[in-house]
Amino acid sequence: MGRPSTVGKLPKALVEACNGLIRDGRTIDEILAALQQLGAEVSRSAVGRYVKGARESMEKYREAQEIAKVWVDKLEAEPSGDVARLLPEMLRTVAFQTLTQMGESEKAAGAMDVMLLAKALKDIAGTSKTNLDTELQLRKLRSEIQAKANAAASAVEQMTRQAGMSDELVSTIRARILGVGEKV
């Protein structure tokens with residue numbers, strides 16, 4: 001693990017000013033000049049390393065936002081689809097990776113970090129159970145609807161045969177009642 005950044009050790013106001021200049025797209029020399037005007041004693045190479053790391057972090061954040069937008073759009077389009085079932089698994093993986101990183105870190109994990117991670121895992125488990133319960137209810141409801149449609153189709157089929165309608169017409173009516181060949 002590398003040593004802390006010289007820029008990162010500056011007072012909070014100077015670090016925030018530096019971050020603002022980075023977001024504004026300023027060059028390393030412009031950022032260095034601004035920090036020196038504010039009284040910071042940092043080298044150009046320290047500012048360069050800090051800017052490089054900050055820009056990489058911002059790029060990763062931007063990519064994560066784009067990916068999240070795609071997932072949210074897919075989730076909104078099909079709330080009970082594959083994406084909805086996949087998201088809790090992805091979050092669980094992130095939580096376990098975080099636990100692994102906490103265990104491998106030289107710095108002890110704080111009680112608050114562990115508590116928040118435990119709560120996240122509990123919430124993920126609750127979400128998974130809720131998703132499963134919802135899916136089971138939907139399957140049961142579909143089954144009940146299908147049974148009612150079959151009963152209605154059989155009753156109509158019996159009545160139409162008694163009325164002397166042709167087998168072809170009876171089959172067409174039955175198919176329409178059951179939604180065969182139509183998108184449901």
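The rules behind the values
Residues numbered from 1 in each chain as written. Predicted model: local features only at pLDDT ≥ 70, side-chain atom pairs only at ≥ 80, totals over all residues. Heavy atoms only, no water. Helix = DSSP H or I, 4+ residues; strand = E, 2+ residues; numbered from the N terminus. Rg over C-alpha atoms; globule rule 2.2 N^0.38 Å. Buried < 20%, exposed > 50% of the residue type's maximum accessible area, 1.4 Å probe, protein only. Contact = heavy atoms within 4.5 Å. Areas by Shrake-Rupley, 256 points an atom, 1.4 Å probe, with all protein chains shown as cover. Lys, Arg positive; Asp, Glu negative; His and termini not counted. Charge placed at Lys NZ, Arg CZ, Asp CG, Glu CD. Axes fitted to C-alpha atoms, helices over the stretch in contact; angles between N-to-C directions. Parallel < 35°, antiparallel > 145°, perpendicular 65-115°, else oblique. Left-handed = near helix turned anticlockwise from the far one by under 90°. Nonpolar A, V, L, I, M, F, W, Y, C, P; charged D, E, K, R; others polar.

Each helix and strand counted, the protein has six helices and zero strands in total. Taken over C-alpha atoms, the radius of gyration comes to 31 Å for the protein, far larger than the 16 Å a tight globule of 184 residues would show. For the protein, with 184 residues in total, the buried portion stands at 17%. Long-range contacts, defined here as pairs at least 24 residues apart, represent 45% of the contacts in the protein between residues at least 6 apart. Only carbon and sulfur atoms are counted for the fraction: they give 58% of the accessible area of the protein, which is about 13,900 Å². In the protein, 27 side chains carry a positive charge and 25 a negative one; their mean positions are 3 Å apart.

What follows deals with the packing of helix H1 (residues 12-23) against helix H2 (residues 28-37). Direction vectors running N to C along H1 and H2 enclose 155°, while the axes themselves pass 10 Å from each other. Between H1 and H2, the angle falls in the class roughly antiparallel. The crossing of H1 and H2 is right-handed. Where H1 abuts H2, its residues Leu 14, Cys 18, Leu 21 and Ile 22 lie against Ile 31, Ala 34 and Leu 35. Split by residue class, the contact of H1 with H2 holds seven nonpolar, no polar and no charged.

This paragraph deals with the environment of Ala 149. Examined against the element boundaries, Ala 149 turns out to sit in helix H5 (residues 111-162). Residue Ala 149 is classed as buried on the basis of its relative accessible area, which comes to 19%. Sequence separation of Ala 149 and Pro 11 is 138 residues, and the distance between their C-alpha atoms is 71 Å. For Ala 149, the contacting residues outside a window of four places in its chain are Ile 177 and Leu 178.

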